[in-house]
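# Close look at the chain arrangement
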Amino acid sequence: MEMAQIDIVMKSKCLQGTTTYLVYQSTKEYTLPTDLLFTERVSFQIGTSTNNYEILPRWSLLGLDNDNSYWQNISPGKPLKYYIWGNEIGLVPPASASYAGADKLQIHYIVNPSSMTAETSVPFNGQSQLYPYHDIIIWKVC
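First, a word on scope: everything that follows refers to the structure included in this document.

How each quantity is defined
Residues numbered from 1 in each chain as written. Predicted model: local features only at pLDDT ≥ 70, side-chain atom pairs only at ≥ 80, totals over all residues. Heavy atoms only, no water. Helix = DSSP H or I, 4+ residues; strand = E, 2+ residues; numbered from the N terminus. Buried < 20%, exposed > 50% of the residue type's maximum accessible area, 1.4 Å probe, protein only. Areas by Shrake-Rupley, 256 points an atom, 1.4 Å probe, with all protein chains shown as cover. Lys, Arg positive; Asp, Glu negative; His and termini not counted. Charge placed at Lys NZ, Arg CZ, Asp CG, Glu CD. Axes fitted to C-alpha atoms, helices over the stretch in contact; angles between N-to-C directions. Parallel < 35°, antiparallel > 145°, perpendicular 65-115°, else oblique. Left-handed = near helix turned anticlockwise from the far one by under 90°. Contact = heavy atoms within 4.5 Å. Nonpolar A, V, L, I, M, F, W, Y, C, P; charged D, E, K, R; others polar. Salt bridge = Lys/Arg side-chain N within 4 Å of Asp/Glu carboxyl O. Core = buried A, V, L, I, M, F, W, Y, C linked by side-chain atoms within 4.5 Å.

A separate point is the overall build of the protein. Secondary structure summary: the protein contains three helices and seven strands in total. In the protein, the succession of α and β elements from N to C terminus is α-β-β-β-β-α-β-β-β-α. Counting only C-alpha atoms and orienting by the principal axes, one finds that the protein spans roughly 55 × 35 × 20 Å. When burial is assessed residue by residue, the protein has 37% of its 142 residues classed as buried. By element, 52% of the accessible surface of the protein is carried by carbon and sulfur atoms, the whole surface being about 8500 Å². Here the protein contributes 9 positively and 12 negatively charged side chains, and the mean placements of these two sets differ by 8 Å.

Following this line, the structure appears as structure tokens:
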């Protein structure tokens, strides 16, 4: 049942979350949410007087190396891309003072559902709009 629940979430993307970060000047990496299964969209706030966000493209470490072998030493500025390594997300370049602040980095992601540890556990983190998905778990197990 546990594996069926995760498989359903991975395929349907039915369990979603959003988080924002306080971005610090010159800080390159931030810890990802503990319930993150995978990212859907990463964006950075366009300016201080707007709530609009600009999508950042995801890069691999190898891609960053091939693009610029000194990418880890780029001076702080406006973050233009991101990478994920382990449980951290990195910004390239890191934010300068003018791009630092609350709610600057925004991540939309698919949530890893909580474990169903007891007979009373409700699948899909108990979200009532996902009750119709409960039958799918039964079908997958059978």
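Looking now at the packing of helix α1 (residues 2–12) against helix α3 (residues 134–141). Interhelical geometry of α1 versus α3 gives an angle of 120 degrees and a closest axis separation of 9 Å. On the basis of their axis angle, the class for α1 and α3 is oblique. The crossing of α1 and α3 is right-handed. The segment α1 lies against α3, with A4, Q5, D7, I8 and K11 engaging I136, I137, K140 and V141. Looking at the contact of α1 with α3 residue by residue, the classes come out as five nonpolar, one polar and three charged.

Taken as a whole and assessed by the stated rule, the structure comprises four salt bridges. E40 is the partner of K13 in a salt bridge, and the nearest nitrogen-oxygen pair spans 3.2 Å. Here K13, found in the loop between α1 and β1 (16–23), pairs with E40, found in strand β3 (residues 36–45); they are 27 residues apart in sequence, far enough to count as distant. Notably, a salt bridge pairs E54 with K78, separated by 2.7 Å at the nearest N-O pair. With E54 in strand β4 (residues 53–55) and K78 in the loop between α2 (61–67) and β5 (81–85), this pair connects stretches of sequence that are 24 residues apart. On the accessibility criterion, E54 (32% relative accessible area) is partly exposed. For K78, a relative accessible area of 27% corresponds to the partly exposed category.

Membership of the largest hydrophobic core comes to 26 residues, with the highest contact counts inside it found for I89, L91, L105 and I107. Elements supplying a minimum of two residues to this core: α1, β1, β3, β5, β6 (88–92) and β7 (101–111). Among the elements that take part in this core, β7 stands out by supplying five residues, more than any other. The residues contacting I89, other than those within four sequence positions of it, are K28, E29, Y30, L32, V42, Y82, Y83, I84, L105 and I107.

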